[in-house]
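Examination of the molecular architecture
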Amino acid sequence: DVKVTQSSRYLVKRTGEKVFLECVQDMDHENMFWYRQDPGLGLRLIYFSYDVKMKEKGDIPEGYSVSREKKERFSLILESASTNQTSMYLCASSLGGGTDEQYFGPGTRLTVT
Amino acid sequence: AQSVTQLDSQVPVFEEAPVELRCNYSSSVSVYLFWYVQYPNQGLQLLLKYLSGSTLVKGINGFEAEFNKSQTSFHLRKPSVHISDTAEYFCAVTIGPGLSNYQLIWGAGTKLIIKP
């Protein structure tokens, strides 16, 4: 079974803190994704990566950055957390392009106070 | 801009009754269509997908969906729901060649509420 793990299920941070969310997949997938999920808005893509050290902006990259130094690991960084970044963050991975299933981690619920 | 519309934010239905969750998309080009399910406190998992061929697609847990190109719809159905189907269901579409092909465009989700 493909496994996508995220470093924390719940996280509480203060405004202005630098926040790291980590995601690891164990199936040698080429592509990894970071989404945020908010009620009534579905999933919105923040960044994705189709190869090590390669990244592409999604629909809402402002306030976020990413790092992919190894194939299995994709990190999301909030440089200076703000209250409007309180959300559920989902990581996913897929083997190939748009026809392939995305496998999701359990999510990290981040609260910024 | 491309979009996916899930017409109902919540669908309450009695156990063992049939259900249809509606999804419409806006695109004039070929698309790939997906339904994902999110059970309470879990990540999303794929229910089914349409890439090409037969417009009726069968997925896991007894769900099926029908691709209707003329109506740009991809509605999800199950003939008899169970309490374990309580979840949020997301419709998604990928469009186009190149890097845009990697991006799923997501609907807002429909919560399926099963009444005993």
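Chains are numbered independently. Their residues run from 1 in the order of the written sequence. Starting at A for chains and at 1 for ligands, labels are handed out in the order in which the entities are written. The model is predicted, so local features are restricted to residues of pLDDT at least 70 and side-chain atom pairs to those at 80 or more, both for listing and for counting; the totals for chains, interfaces and linings are taken over all residues. As a convention, hydrogens and water are excluded, and side-chain values are obtained from all of the structure's heavy atoms.

Some details on unusual backbone geometry
In the Ramachandran plot, Glu-16 of chain B falls in the positive-phi region, its phi being about 75° despite a non-glycine side chain. Positive phi is not limited to glycine here, since Asn-61 of chain B has a value of about 60°.

Quick look at the state of the cysteines
Pairs of cysteine sulfur atoms within 2.5 Å are what we label disulfides. Using the criterion set out here, one finds 2 disulfides over all chains in the structure. Residue pairing for Cys-23 of chain A: its cysteine sulfur links by disulfide to Cys-91 of chain A, the two sulfurs lying 1.8 Å apart. Looking along the S-S bond of the Cys-23 of chain A-Cys-91 of chain A disulfide, the torsion reads about -80°, which is the left-handed sense. Taken together, the positions of Cys-23 of chain A in strand β3 (residues 19-25) and Cys-91 of chain A in strand β9 (residues 87-94) put the pair 68 residues apart, joining distant regions of the chain. Using a relative accessible area of 0% as the deciding quantity, one classes Cys-23 of chain A as buried. Three exposure classes are used, based on accessible area relative to the maximum for each residue type with a 1.4 Å probe and protein chains only: buried under 20%, partly exposed in between, and exposed over 50%. Here Cys-91 of chain A falls in the buried class, since its relative accessible area comes to 0%. Disulfide pairing places Cys-23 of chain B opposite Cys-91 of chain B at an S-S distance of 1.9 Å. When the S-S torsion is -65°, as for the bridge of Cys-23 of chain B with Cys-91 of chain B, the disulfide is left-handed. With Cys-23 of chain B in strand β4 (residues 23-26) and Cys-91 of chain B in strand β10 (residues 87-95), the pair connects residues that are 68 residues apart, well separated along the chain. Helix numbering and strand numbering both begin at the N terminus, where a helix is a DSSP run of H or I of at least 4 residues and a strand a DSSP run of E of at least 2.

Quick look at the side chain of His-29 of chain A
All names here are of chain A. Within the fold, His-29 resides in the loop between β3 and β4 (31-38). Assessed through its relative accessible area of 4%, His-29 is described here as buried. Polar contacts, as used here, are pairs of N or O atoms within 3.5 Å; protein pairs need one atom able to donate a hydrogen and one able to accept it. Residues neighboring in sequence count only if both atoms are side-chain atoms. A polar contact is formed between the side chain of His-29 and the side chain of Ser-93, at a distance of 2.8 Å. At 3.5 Å, the side chain of His-29 and the backbone nitrogen of Ser-94 are in polar contact.

Quick word on the sheet that holds β3 of chain A
Residues and elements named next belong to chain A. What the 4 strands build is an open sheet, ordered β1-β3-β8-β7; its pairing is antiparallel. The open sheet has two free edges, formed respectively by β1 (4-6) and β7 (64-70), since each of these has just one partner strand. If you compare each strand with its neighbour and ignore which way they point, the axes differ by 20° on average. Any two strands are treated as partners once DSSP identifies two or more bridges connecting them. Where β3 lies against strand β8 (residues 73-78), 6 bridges are found, and the strand directions are antiparallel. When the sheet's bridge partners are listed, Glu-22 is paired in β8 with Ser-75. Axes here mean lines fitted to C-alpha atoms, for a helix over just the part in contact, with angles spanning 0 to 180 degrees between N-to-C directions.

Focus: the interface of chain A and chain B
Counting residues at the interface gives 27 residues for chain A, matched by 22 residues for chain B. Salt bridge criterion: a side-chain nitrogen from Lys or Arg within 4 Å of a carboxyl oxygen from Asp or Glu. There are 0 salt bridges connecting chain A and chain B. Here the side of chain A that touches chain B gets 5 residues from one element, more than from any other, and that element is strand β5 (residues 42-51) of chain A. In this classification, the charged set is Asp, Glu, Lys and Arg, the nonpolar set is Ala, Val, Leu, Ile, Met, Phe, Trp, Tyr, Cys and Pro, and all remaining amino acids, among them Gly, are polar. Partitioned by chemical class, the residues of the side of chain A that touches chain B number 10 nonpolar, 11 polar and 6 charged. Two residues qualify as a contact provided that any one of their heavy atoms is within 4.5 Å of a heavy atom in the partner residue.

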